[in-house]
Amino acid sequence: MISVRTSRLGTRGQPEESRAAILKAAVRAFAHEGVAGARPNAIARTAGINKALLYYCCKDQDAIYQAVLDQVFGGVRAAIHEAVSQNLSPREKLACYVCAHFDYIASNPLYPRIVQAEFLRAGRDPSRLERIAKHYFRPVFLELSGLLKAGAQSGDFRKVDPTHFIPSMISVIVFFFNTAPIMKLMTGADPMSPERLAERRAAIVDFISAALFVRPKGGRK
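Just so it is clear, the structure is predicted and the values come from calculations on it, not from any experiment.

Caption draft 1: Expanded view of the overall build of the protein chain. Within the protein chain, the regular secondary structure consists of 10 helices and 0 strands. Moving toward the C terminus, one meets the helices and strands of the protein chain in the order α-α-α-α-α-α-α-α-α-α. Its C-alpha atoms put the protein chain at 70 × 40 × 35 Å along the principal axes. In the protein chain, 68% of the contacts between residues at least 6 apart in sequence involve partners at least 24 apart. For the protein chain, the accessible area works out to roughly 12,500 Å², and carbon and sulfur atoms hold 55% of it. Charged side chains in the protein chain number 31 positive and 19 negative. The centres of these two groups are separated by 2 Å.

Right under this line is the structure:
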């Protein structure tokens, strides 16, 4: 997890508030400038702290970036786990998962940029992506695979291959946010407005449901 020094931070103000401010500023910096372009001085200035406190909390720029990755991937893993752990039917649980994943990204619209950049960096530094896969991707994949299996066994879902269906499902959820700037230019409407987000979320649930759900006898959903 995050390499943040907290053992003696109580003597230097409010450690949790400082940590939150650093991560918020770092997310913005890495999303807009990339790992190479993000500057600790700028992160500290945006966070409203001095550079010495920044390095007291995080020993170096790599530790700051790792903390950002843990926040990005750890947050979505927690949101997905909470959704699929509920005592619901497979169909309800699937819809709950889709909404939870979508809402998490809608609340953190800069996160997809960081994720995409990390995927592109994988060829140069595979060890970091291997760590992310172990701690975040694999647990999410196993939980969603379990949901698909349970739904198939109950007769709610078609039998699908999780190795193909899960990446496709996640892509439908996430791709909207990557293309939001283009969609705004194409349509003239703000895709990130509350109304458009609600419409998109409902459309994704409908799309994935149509691809996965078994239609009951009689032809009704």
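Caption draft 2: Structural context of the nonpolar core. Core analysis: the biggest nonpolar cluster contains 63 residues, and Leu-94, Tyr-97 and Ile-173 have the highest contact counts within it. Element by element, the count of residues in this core is highest for helix α4 (residues 61-84), at 13 residues. For Ile-173, the residues in contact, after removing those within four places along its chain, are Tyr-97, Val-98, His-101, Phe-102, Ile-105, Ile-204 and Ile-208.

Caption draft 3: Inspection of the packing of aromatic side chains at higher detail. Going through the model one piece at a time under the given rule, you end up with 9 aromatic pairs. Centre to centre, the rings of Phe-30 and Tyr-65 are 4.9 Å apart; their planes meet at 65 degrees, and the pair counts as edge-to-face. Placement of the pair is Phe-30 in helix α1 (residues 15-37) and Tyr-65 in helix α4, with a sequence separation of 35 residues. Look at Phe-30 and you get buried, because its relative accessible area is 5%. Among the residues examined, Tyr-65 registers a relative accessible area of 2% and is labelled buried. A ring pair is formed by Phe-73 and Phe-137, whose centres lie 5.3 Å apart and whose planes are at 80 degrees; its orientation type is edge-to-face. In this pair, Phe-73 sits in helix α4 while Phe-137 sits in helix α7 (residues 126-154), placing the two residues 64 residues apart along the sequence. Given a relative accessible area of 3%, Phe-73 falls into the buried group. Counting every residue linked through ring pairs, the aromatic cluster contains Phe-73, Phe-119, Tyr-136 and Phe-137.

Caption draft 4: Highlighting the environment of Leu-54. In this fold, Leu-54 is placed in helix α3 (residues 51-57). Residue classification places Leu-54 among the buried positions, given a relative accessible area of 0%. For Leu-54 and Gly-146, which are 92 residues apart along the polypeptide, the C-alpha to C-alpha distance reads 41 Å. If we ignore the near neighbours within four places in the chain, the residues touching Leu-54 are Ile-22, Pro-40, Ile-43, Ala-44, Ile-49 and Ile-64.

Caption draft 5: The arrangement of the state of the cysteines in detail. For the coordinates displayed, the defined rule picks out 0 disulfides. Sulfur of Cys-96: no disulfide; nearest cysteine sulfur belongs to Cys-99 and is 7.1 Å away. Looking at Cys-96, the relative accessible area reads 22%, which means it is partly exposed.

Caption draft 6: Broad picture of the side chain of His-101. Mapped onto the elements, His-101 comes out in helix α5 (residues 90-107). A residue is classified by how much of its surface remains accessible, and His-101, at 6% relative accessible area, is buried. Residues in contact with His-101, not counting those within four places in the same chain, are Val-76, Ile-80, Ile-170, Ile-173 and Val-174.

Caption draft 7: Representation of the pattern of salt bridges. Per the counting criterion, the structure on display carries 6 salt bridges. The partner of Arg-128 in a salt bridge is Asp-62, and the shortest N-O contact between them spans 3.3 Å. A residue pair is termed long-range when its members are at least 10 positions apart, and Arg-128 in helix α7 and Asp-62 in helix α4 qualify at 66 residues. According to the relative accessible area criterion, Arg-128 is buried, its value standing at 10%. When its relative accessible area of 45% is taken as the criterion, Asp-62 is described as partly exposed. The partner of Asp-156 in a salt bridge is Arg-91, and the shortest N-O contact between them spans 3.2 Å. Taken together, the residues Asp-156 in the loop between α7 and α8 (162-178) and Arg-91 in helix α5 connect sequence positions 65 residues apart. One exposure class covers both Asp-156 and Arg-91, and it is buried.

So, how was this worked out
Residues numbered from 1 in each chain as written. Predicted model: local features only at pLDDT ≥ 70, side-chain atom pairs only at ≥ 80, totals over all residues. Heavy atoms only, no water. Helix = DSSP H or I, 4+ residues; strand = E, 2+ residues; numbered from the N terminus. Contact = heavy atoms within 4.5 Å. Areas by Shrake-Rupley, 256 points an atom, 1.4 Å probe, with all protein chains shown as cover. Lys, Arg positive; Asp, Glu negative; His and termini not counted. Charge placed at Lys NZ, Arg CZ, Asp CG, Glu CD. Core = buried A, V, L, I, M, F, W, Y, C linked by side-chain atoms within 4.5 Å. Buried < 20%, exposed > 50% of the residue type's maximum accessible area, 1.4 Å probe, protein only. Phe/Tyr/Trp six-rings, centres within 6.5 Å; stacked < 30°, edge-to-face > 60°. Disulfide = S-S within 2.5 Å. Salt bridge = Lys/Arg side-chain N within 4 Å of Asp/Glu carboxyl O.

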